[in-house]
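Residue-level listing of the chains:
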Amino acid sequence: MAQLQDTPSTAATEDSVPLKTWSLEDSLVFFNGRICPMREATVSVAAPALNYGTGCFEGIRAYWNPDAGQLYALKLREHYERFTQSCRMLKIDLPHSVDELCDVTLEILRRNEYREDVYIRPLAFKGGASIKLRLRGVPDEFAIFTFPFGNYVDISAGLSVQVSSWRRISDNAIPARSKVTGAYINSALAVDDALEAGFDEAIFLTADGHVSEGSSCNVFLVRDGKLITPPVTADILEGITRLAVMQVARDTLGLEVVERDVDRTELYVAHEIFFCGTGVQVSPVTKVDGRAVGTGRPGDLTTRLQQAYFEAARGSDPRYADWLTPVY
Ligand SMILES: Cc1ncc(COP(=O)(O)O)c(C=O)c1O
């Protein structure tokens, strides 16, 4: 049975409980209005989304808290609100309200009996079978699948990143603030180049040469004790983790947060840099284009923010209880 790549076998959370062998094909998914095993959720090779990239998706995490014996879906409503905005961009008629999407997600998580960290992938797309290149008049399809998920990148050692020669998609070409599937060609090109060249990740500049974001994450710099991040007009995906990090930085660490244009060479003189996003969580960046960031080790503020973020996300800090939806 296939396992998803990048899926560490984190099935072990409670040593005394015998764990069933997990397989993607057997996992229960939501597909076009019903819950079924993944193997039954199939699409046509002639689906427009497969041919033209006309789909949109979300990436959501649920964190297992072994002390509470609870799985917490993180910022579930916020993700589905962004998802409905992405659907609107693509004229995808989603037959479910945000409340219904949250409910069915919780139902799938429960039915899959997860007791470990999980990734949730809602996906809406232009389906059926047609070579017509258009948004209207094409059937919409919708799925949610889930799988066990640990760290997507190394979150402790520090990442070495490359400023990509690929520019971030411009909002006038592809809606940058939507998670549209076709836009991820841009991310795949940048991250693949970075990996080929021996880096861990890429940072995009906008078409006008300002810092935008990572290949699938937002970026923050620390300069003179302040957090700085590119504004929502810098062709970024308006990250949900980005807002969460800003809240923790202000409320818990008392930091000033500034949203403004960031020049490329500010990356070379920043005291600290980190990425944030559902996949990467909060990940220190310790090298940019071969130049050490600060001391060349994960920065103090980054480390404190990362710790505060994880406490909130895993349900260990009651001040952020409204970020979380308990699954059980
Ligand atoms: C291109 C891009 N930018 C930023 C992010 C971070 O967004 P979020 O924090 O909502 O996961 C993601 C990940 O979803 C992404 O794919």
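Structure: see above.
Now for a look at the structure at hand. Along every chain, residues carry numbers that run from 1 in the direction the sequence is written. Only residues with pLDDT of at least 70 are given local features in this predicted model, and only at 80 or more are side-chain atom pairs given and counted; all residues enter the totals for whole chains, interfaces and linings.

Before going further, it helps to spend a moment on the pairing of strand β1 (residues 28–31). Using C-beta atoms placed from the backbone, we call a residue buried if 20 or more other C-beta atoms fall within 10 Å of its own, exposed if 12 or fewer do, and partly exposed for counts in between. Each helix is a run of DSSP H or I of at least 4 residues and each strand a run of E of at least 2, with the numbering of both proceeding from the N terminus. Taking every second residue as pointing to the same face, both faces of β1 are buried, with Leu28 and Phe30 on one and Val29 and Phe31 on the other. Paired strands are those between which DSSP finds at least two bridges. Of the strand pairs in this sheet, β1 and strand β2 (residues 34–37) are connected by 4 bridges, and their pairing is antiparallel. From the neighbouring strand, phenylalanine 31 faces β2, where its bridge partner is arginine 34. If you look at the hairpin formed by β1 and β2, you'll find 2 residues sitting between the two strands, and asparagine 32 has a positive phi there, around 45°. Pairing analysis gives 2 bridges linking β1 to strand β7 (residues 140–148), with the strands arranged antiparallel. Its bridge partner being in β7, phenylalanine 30 is matched across the sheet by isoleucine 144.

We now examine the site of the ligand. Not every one of the 14 residues close to the ligand is listed here, only the nearest: Leu237, Gly239, Thr241, Gly277 and Thr278. Here the shell around the ligand gets 3 residues from one element, more than from any other, and that element is helix α5 (residues 240–251). Residues are grouped as follows: Ala, Val, Leu, Ile, Met, Phe, Trp, Tyr, Cys and Pro are nonpolar; Asp, Glu, Lys and Arg are charged; all remaining types, including Gly, are polar. Classifying every residue of the shell around the ligand by side-chain character gives 3 nonpolar, 9 polar and 2 charged. All residues are tested the same way: a C-beta atom is placed from the backbone, and lying within 6 Å of a molecule or strand makes the residue near it.

Turning our attention to the packing of helix α2 (residues 76–89) against helix α3 (residues 98–111). All axes here are fitted lines through C-alpha atoms, helices being fitted over the stretch that makes contact, and every angle between N-to-C directions spans 0 to 180 degrees. At a minimum axis separation of 9 Å, α2 and α3 run at an interaxial angle of 125°. Taken together, the axis directions place α2 and α3 in an arrangement best described as oblique. Seen along the crossing, α2 lies across α3 with a hand that is right-handed. Taking contact as the criterion, the partners of Leu76, Arg77, Tyr80, Glu81 and Thr84 in α2 are, on α3, Val98, Leu101, Cys102 and Thr105. Per-class residue counts for the contact of α2 with α3 are 5 nonpolar, 2 polar and 2 charged. An angle below 35 degrees is treated as roughly parallel, one above 145 as roughly antiparallel, one from 65 to 115 as roughly perpendicular, and anything else as oblique. Crossing handedness is defined as follows: a turn of the near helix away from the far one that is anticlockwise and smaller than a right angle gives a left-handed crossing, while the clockwise case is right-handed. For the purpose of contact definition, each residue receives a C-beta atom placed from its backbone, and two residues are in contact when these atoms lie within 7 Å.

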